[in-house]
Structure formats: C-alpha cells, structure tokens
Amino acid sequence: MCGIFGYLGYQEAQPLIIDGLTSLAYRGYDSAGIAVLSRGGALGVRKAAGKIDNLIEAATKSPLSGRLGIGHTRWATHGEPSEVNAHPHLDGTGSIVVVHNGILENYGELKARLIANGHVFSSVTDTEVIPHLIQEFVAEGLSFAEAVRIAAGQLRGAHAIACLHADHPEEMVTFRVGNAGGVAIGHGQGGMFIASDMPALTPHTTSVTPLEPGELAIITPERYDVMTLDGKSVDANRVTIAVNATSAAKGGYKHFMLKEVMEQPEVAMSVLRGRLSFEPGEVALDLPFTDQEIKDLNRVIFIGMGTSSHACQIGAQVIERLARIAASAENSAEFRYRDPVVDKHTLVVAVAQSGETADTLEAMDRAHRSGARTITITNTEGSQAYRRAEGAILIHAGQEVGVASSKTFVNSIIAMQLLAIRLARTRGTLSTAAATEYIEALSHLPALLGEALNINGNSFQRLAVKYARSRRFLFIGRGLLEPIAREGALKLKEISYIHAEGMSAAELKHGPIALVDRETPVIALAPLNDLYEKMLSNIAQVRARDGQVIGITSVGNHEFTGLVDDVLLIPEAPLLLEPMVATIPVQLLAYHLADLLGNDVDQPRNLAKSVVVE
Ligand code: F6R
C-alpha cells in the first residue's frame, strides 16, 4: 500500500526521490517523507502529512543535499496519518533510518522489549520499532548490513523495507519478508535505485533486479549483492522491463479517471491486438499447458479482490458457457484461508491489475501448494503475480493512475473472454463457426465501447445534479450483469462516498427491497437480452414502492421510457460483450456524481492503488 523509493549514486538524491514518490503516490497518499544523508554524514529528514505536494513544499523550503536517500509515501496502518507517524523513522541515536511497507505483527512484543532496554519512541507506528531493533544489533558490534539481516529475521508479518546508516554513505540495504509489495533494484547510469514498483524506475532504467520474498540486497553506487535472510548468497538476475508507452498525463481531462474511462476503446484494442488470429475460430494466446492438460482440466477458479473480483465473476460465467468447465470466482483473501479442494486438474486464474495484491499473491501460493495450475491476468509485466504464475495474460491497458480501477476492469474481462475461447477451442466445446462469430464480435468491441461513451450526451451531468443529495443507491442486474451491478456500486462508494449496494435483481425482494424509498435511486441494468423480462418485473417491484429507477437499456428500446424515471442507453451488443459495454454508464455516473460533490476523484480518501497488506 505504501511506496518506497531510494537512490544512491552521483546525483543529488532529493529531486530523484521526490519524483519517484510522486509516481508511486497511487500506492498511498496520506503522508510522505524523505531522508537524505549529507556529504558531512548527517541524516536530514523532511515529512509532511497529506498529499505528496505537502512534502514537496516542505522539501523545497528546506532542501536536503546529498547523494544517498530514501523516501516513502504512506497508507496508514498503525497510527493516524500525521507528520510524526510519516516515514522515514529513525532510531534513538539518529543514525539509522528506515522506510517500511507492511504490518509488523509482533511490534507490541518487540517494542516492549526495546522500551525495557531504554529505547524511547516518538511515533505510534509499528515501523519505528525496526530502526531501534537494528540499532541494538549494531550496538552489539554487527556490521550495519548484518544487523539489518538479523533484525529482519525477528519481524513477523510481511514487509518490504529499505534502510540507511549515517556512518555508511556508500550503502543502502533493502529486504523483503513475505508479500507486502515488491522492491526492485534499478541499475541506472549515474547510480542505483530502489522502488516498490516498476513505473517509478522506468524513467531511469529498464534494467532491474526484483527481490523475491526472503531476500536482502546490499547496494552501493556501483554494485549490488543479494542474499537470503539466512545469509546465503543469491545469484539474482537483472531483467529488462518494458517502458510503458502510455504517458501518465491527463490529456486535457479534468481527472485521470475520466481520461481512463474515455480511452477504453483504445485500450480494448491493445488487449485484442495480436490475439485475434486470422485462422478461423482461433485466438493466439500462449498458455503454459499442453492441449491434453487443458482437456484434463475439471475446474477453473478465478481469484481476485475488489474490482478484479467482479471481473472474476464474469470470467467464471464465460468459461462455463464456452469451455463447459465448472468455474467459480472467489475472493482471494477467503480462498487462501479456507483449505480449498484443488489439484493438478484445477486451473487457478489470479486476476490483479497491479499484480501486487497481497491476498491474491498468497492465494496463488496456496493454489501452487495444492498442485493447481496457475496463470495470472494482470496489467503489470514483471509484477509478483506475473513472476509467480506459470503463465500470464497481459491486459495492456497502460498505466492506470486513477485509484479506482476502470480500464483495467474492462480489459481484464476481455482477456478472460480470450481465455475462454482458447480453452473452449482446445476442448472442442465451441464450433469453428461460433468461435469465428464471437471473435468477429470482439473485434467490434472497441467501436461499441466508443458508442457507449457518447450515446448519452450530457445525461450523466444532469443525473448527477438530480441525485446528488441521495445518500444511498442500489444497483441491480442479472446474469453477466450482476457483477456489473456490484462494480457500479463499488465505483460509486469509492469516489463519491455515497453508500451503494450492488446485487442480483432477483435478490432484491429477499430483503434489500426494504431499503427502497423515494430517496434511494435504483440503477437497473436491463438491456434487451434473455433476462430483460425478469428485470422488468424487478423494476416494477421497485416502482410499486415509490422507488426511483435509473434504467440502463439497449438503444432502440422505446418502451423503456415509460417504465423507469431516467433512461441511460448502451449500444446493442452480443450477450457476452454486454458486461464491458454496460460498465461505461456505471463508471460515468459514479464519476460525475463524485465530481459534482467536489471529491478528489483520482485519489479518493482512505484508498490505495496496490493493496499490499492483508
Ligand atoms: C477498486 C479497486 C480495488 C482493486 C483491488 C484489487 O476500484 O481498484 O478494489 O480492484 O484492490 O487490486 P488488483 O487488481 O491490483 O489486485
């Protein structure tokens, strides 16, 4: 959830670290800080509560000079987001400084021991324990790097940590325990970098060494040594990462999220590009399995969290329909703890735009241990999910800056459909003619998404004004659109802070209908498909209770106007493509409500783009 960036080399560290933190701010943005070691050997620290701009202001007013430094952008776990709780944290002698991503589960126990030994703490964070602990081992006579390694062995939980010592101006030590987000070393021209995530490194280098859990690196301006936390040397390779061509600029839009919603037709083309084969009925999708292994699969489980878990719910339905394999979608956090029955005939598909979500990574490990086959659907090449899975389907959505996922959701669903065709063709459950028709339809999806973006004119702005005072919304849908109802509710909650629930329209009458009143708008996803009549009954039930309905239906459905209070249109689309097309109006409705309410749409309160803690 937090972002770590460090530099050691021949240039001034502060501007590089500030830029690095700015590009990592999506990981956490409630406070930030930097520490730089001056040429005279003094550690200077600047911190600020709130967004990164506050740190920039503090560091500009009172700059730190030096060629070695670390920085952190925080998503608070222990202790409110304040200046004193912001990282970096120092030990009592002021010579060891640490930035930390993760939750120190035994911090109470360690802190009590350190207090008994005379240590005094200034924050209420778990992190502050770490520099004090390292200092104890340094005081016992261990070298700095060795003290860090021994201290690392005492930390329970999952962590990514970087630390410096004022007496070691040519050394930065970083390590990982478990899955609390990654840390990668970037091999630059004028020095070495470390960062939690690749986009922060690509302006400086494409040559990186990602650390694996249980590894520690000692970095100097010219070299790096990697070892396990047991002290065994590791031959850690450099890998070359692709520079993401999509520029992180708003391109004239008021918010990144709006830009990212509007560019969905284009990014949909990217996930399809090169995969829609000219062979009739085939998709070009490399999977790490033989045809026989695909035929032998008897179960597919999609795992993911949040928006990705909604994509999973669609993926499972599509796989069952096309490939005729029993498929389900599960929340990774529950999957990892519930002792699931899986084996080598189970395919586990881990869906994570960031590729760093702690619960999903742990669930992948759980699946591996049970012998399941794994692939990931991710937007982040080189991420941990990418490296852990046997194979990956990259969704090529470009960098998503808005914290609330939009384009990565739609591209994940498209990737799942390609996977479904690929499995279905190998298993012989989809005829060449049907597959060809489906592939042809997918090739028109970018155009349909473009229509969906334009078809409603300024209705969203009008509806935002009409419903801005509502404190609760319900979203209902059936079949492939039930997950879209859930996703619509999640988007609205995240960025407008209005309470919303999404559910199967059929579920409404089993309890939630008690919430329906004049003040609770119901968004009904009701395109002209095989469940349309069912949706009409549910809509009638809402209106009979004085509820207001915003209906989303197919263009050309003229009867709808009399049946609902407000109409939003989507272009007619084949059934399997409806989820992507119907996502657009729920995204835009959430966006315009949040914008009208004056919220920070791109960095909503309390959230972070990569959730690397449990
Ligand atoms: C919602 C959102 C989150 C993420 C979730 C999983 O807009 O972005 O719910 O979907 O934290 O993230 P990934 O896909 O990176 O595993």
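Residues numbered from 1 in each chain as written. Predicted model: local features only at pLDDT ≥ 70, side-chain atom pairs only at ≥ 80, totals over all residues. Heavy atoms only, no water.

## A look at the site of the ligand
- Every one of the 14 residues lining the ligand counts as a neighbour, but Ser308, Gln353, Ser354, Thr357 and Glu494 are closest to it.
- Contact distances for the ligand include 2.6 Å between an oxygen atom and a side-chain N or O atom of Ser308.
- For the ligand, whose accessible area on its own is 410 Å², the fraction buried by protein is 92%.
- At the level of elements, α9 (306–323) and α17 (482–496) are the ones that each hand at least two residues to the shell around the ligand.
- If one sorts the elements of the shell around the ligand by residue count, α9 sits on top with three residues.
- Among the residues forming the shell around the ligand, the class breakdown is five nonpolar, seven polar and two charged. (Near = heavy atom within 4 Å. Polar contact = N/O pair within 3.5 Å; in protein donor to acceptor, adjacent residues only side chain to side chain. Areas by Shrake-Rupley, 256 points an atom, 1.4 Å probe, with all protein chains shown as cover. Helix = DSSP H or I, 4+ residues; strand = E, 2+ residues; numbered from the N terminus. Nonpolar A, V, L, I, M, F, W, Y, C, P; charged D, E, K, R; others polar.)

## What to know about the domain arrangement of the chain
- Segmenting the chain into domains produces domain 1 (3–252), domain 2 (260–446) and domain 3 (455–596).
- The C-alpha centroid of domain 3 is placed 27 Å from the C-alpha centroid of domain 2.
- Opposite the 23 residues of domain 2 that make contact, domain 3 presents 21 residues.
- Summing both sides of the interface, domain 2 and domain 3 together bury roughly 1,800 Å²; the carbon and sulfur share of this comes to 73%.
- Here domain 2 is connected to domain 3 by zero salt bridges.
- Our enumeration of links across domain 2 and domain 3 arrives at eight residue pairs in polar contact (both at pLDDT 80 or more). (Domains from an automatic or database assignment. Contact = heavy atoms within 4.5 Å. Buried area = accessible area lost by both parts, 1.4 Å probe. Salt bridge = Lys/Arg side-chain N within 4 Å of Asp/Glu carboxyl O.)

## Section: the pairing of strand β23 (residues 522–525)
- Covered by surrounding structure in β23 are Val522 and Ala524 together with Ile523 and Leu525, the residues of both alternating faces.
- With four bridges connecting them, β23 and strand β24 (residues 549–554) associate as parallel partners. By the bridge assignment for β24, Ile523 is matched with Ile550.
- Regarding the hand of the β-α-β motif, the stretch spanning β23, helix α18 (residues 532–543) and β24 is right-handed. (Buried < 20%, exposed > 50% of the residue type's maximum accessible area, 1.4 Å probe, protein only. Pairing = 2+ DSSP bridges. Right-handed = clockwise from strand over helix to strand, strands pointing away.)

## Examining the environment of Leu287
- Note that Leu287 resides in the loop between α7 (264–272) and α8 (291–296).
- Separated by 152 residues in sequence, Leu287 and Ile439 place their C-alpha atoms 18 Å apart.
- Sequence-distant contacts of Leu287, that is, excluding residues within four places in its chain, are made with Ile294, Ile375, Ile393, Leu419, Arg422 and Leu423.

## Section: the sheet that holds strand β16 (residues 299–304)
- Strand order across the open sheet formed by five strands is β17-β16-β18-β19-β20, with parallel pairing between neighbours. With partners counted over all chains shown, the strands left at the sheet margins are β17 (327–331) and β20 (391–394), one partner each. Across the sheet, the axes of successive neighbouring strands diverge by a mean angle of 20°, strand direction being ignored.
- The sheet contacts of helix α11 (residues 358–369) involve β16, β18 (346–352) and β19 (373–378), and relative to β18 the element is tilted by about 170°. (Axes fitted to C-alpha atoms, helices over the stretch in contact; angles between N-to-C directions.)

## A few points about the side chain of His592
- Among the structural elements, His592 can be located in helix α19 (residues 578–596).
- Under the relative-accessibility criterion, His592 is labelled buried at 12%.
- Leave out the neighbours within four places in its chain, and His592 touches Phe460, Gln461 and Ala464.

## Let's talk about the nonpolar core
- By size, the foremost hydrophobic cluster in this structure holds 93 residues, and its most contacted members are Phe302, Ile319 and Leu419.
- Counting residues per element, this core draws most heavily on helix α13 (residues 407–427), at twelve residues.
- Sequence-distant contacts of Ile319, defined by excluding residues within four places in its chain, comprise Val300, Phe302, Arg324, Ile325, Ala327, Leu419, Ala420 and Leu423. (Core = buried A, V, L, I, M, F, W, Y, C linked by side-chain atoms within 4.5 Å.)

## Regarding the packing of aromatic side chains
- Throughout the structure, instances matching the rule amount to four aromatic pairs.
- Between Tyr467 and Phe473 the ring centres are 6.4 Å apart and the planes differ by 70°, which places this aromatic pair in the edge-to-face class. With respect to class, Tyr467 is no different from Phe473; both count as buried.
- Grouped by ring-pair contacts, the aromatic residues Phe5, Tyr7 and Phe193 constitute a single cluster.
- We note Arg605 situated over the ring of Tyr497; from NZ or CZ to the ring centre the distance is 3.8 Å. (Phe/Tyr/Trp six-rings, centres within 6.5 Å; stacked < 30°, edge-to-face > 60°. Lys NZ or Arg CZ within 6 Å of the ring centre and 35° of its normal.)

## Looking at unusual backbone geometry
- For the bond from His87 to Pro88, the omega torsion is 0°, close enough to zero to count as cis.
- Checked against the element boundaries, Pro88 lands in the loop between β4 (68–74) and β5 (89–90).
- Unusually for a residue other than glycine, His396 sits at a positive phi of about 50°.
- In this fold, His396 is placed in the loop between β20 and α13.
- Residue Asp546 is not a glycine yet carries a positive backbone phi of 70°.
- Along the polypeptide, Asp546 turns up in the loop between α18 and β24.

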